[in-house]
Amino acid sequence: MTTITVSVHRVKSPVAAISYINTKGWARGRRTGAGTMVLTKLTTHVLASFLTSSAFTSDLSKDSQYVKVDQLPPFNISMLFADEYGHMSYQRILGIEFVTSGDVYSIQDMLSEQTRSFRPAAHKTPRAGARWSAPAMPA
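Calculation notes
- Residues numbered from 1 in each chain as written.
- Predicted model: local features only at pLDDT ≥ 70, side-chain atom pairs only at ≥ 80, totals over all residues.
- Heavy atoms only, no water.
- Helix = DSSP H or I, 4+ residues; strand = E, 2+ residues; numbered from the N terminus.
- Buried < 20%, exposed > 50% of the residue type's maximum accessible area, 1.4 Å probe, protein only.
- Contact = heavy atoms within 4.5 Å.
- Areas by Shrake-Rupley, 256 points an atom, 1.4 Å probe, with all protein chains shown as cover.
- Core = buried A, V, L, I, M, F, W, Y, C linked by side-chain atoms within 4.5 Å.
- Phe/Tyr/Trp six-rings, centres within 6.5 Å; stacked < 30°, edge-to-face > 60°.
- Lys NZ or Arg CZ within 6 Å of the ring centre and 35° of its normal.
- Salt bridge = Lys/Arg side-chain N within 4 Å of Asp/Glu carboxyl O.

Caption draft 1: Summary view of the overall build of the protein chain. For the protein chain, the helix and strand inventory stands at 2 helices and 7 strands. Starting at the N terminus and walking to the C terminus, you meet the elements of the protein chain as β-β-α-α-β-β-β-β-β. By residue count, 20% of the 139 residues in the protein chain fall in the buried class. Relative to all contacts within the protein chain whose residues are 6 or more apart in sequence, the contacts with residues 24 or more apart total 51%. Surface accessibility of the protein chain: about 10600 Å² in total, with carbon and sulfur atoms responsible for 56%.

Caption draft 2: Summary view of the nonpolar core. Counting residues in each nonpolar core, the largest one holds 11 residues, listed as Met37, Leu47, Leu51, Val69, Leu72, Ile77, Met79, Ile93, Ile96, Phe98 and Phe118. Residue assignment for this core shows that the elements contributing at least two residues are strand E3 (75-82) and strand E4 (88-104). Considering each element in turn, this core owes the most residues, 3 residues, to E4. The contact partners of Ile77, leaving out residues within four places of it in the chain, are Ile4, Met37, Gln91, Arg92, Ile93 and Ile96.

Caption draft 3: Focus on the packing of aromatic side chains. The full count for this structure, using the stated rule, is 1 aromatic pair. Centre to centre, the rings of Phe75 and Phe98 are 5.5 Å apart; their planes meet at 45°, and the pair counts as tilted. With a gap of 23 residues between them, Phe75 in strand E3 and Phe98 in strand E4 connect regions that are remote in the sequence. Of the residues examined, Phe75 reaches a relative accessible area of 26% and is grouped as partly exposed. Just above the ring of Tyr20 sits the side chain of Lys24; from NZ or CZ to the centre is 4.4 Å.

Caption draft 4: Seen up close, the pattern of salt bridges. Applying the stated criterion across every chain yields a total of 1 salt bridge. The shortest N-O distance in the salt bridge between Asp103 and Lys41 comes to 3.6 Å. A residue pair is termed long-range when its members are at least 10 positions apart, and Asp103 in strand E4 and Lys41 in strand E2 (residues 25-41) qualify at 62 residues. Accessibility expressed as a relative area gives 42% for Asp103, which makes it partly exposed.

Okay, structure coming up:
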């Protein structure tokens, strides 16, 4: 995965009053989230080995055959960030369900990509982690 994006949208509608020209307030509506994953494809479908693994093909019942990414059950992504000074943080995206998939082929790039759009159930804000220090080098 070379790129992951997550955005949150909330509907906010202006509230008007009779014989008043300006907005009196805002009605807050539903909040929705969306995101995209960009996966670099070298020789084959990025998730092909995952979708054809024994975990998904050993049960031959009709309702457990996953052949497209939009058929996968919801899953979570945990991301860990660290810099060269040992500062760390983490972030989680919960309940990811794929809704759209696509392929990108361009003469401008030296690689091809797969894009996967998803809907998260929750998008947590980044949290600071513990400071990591490298082990001491032996003398």
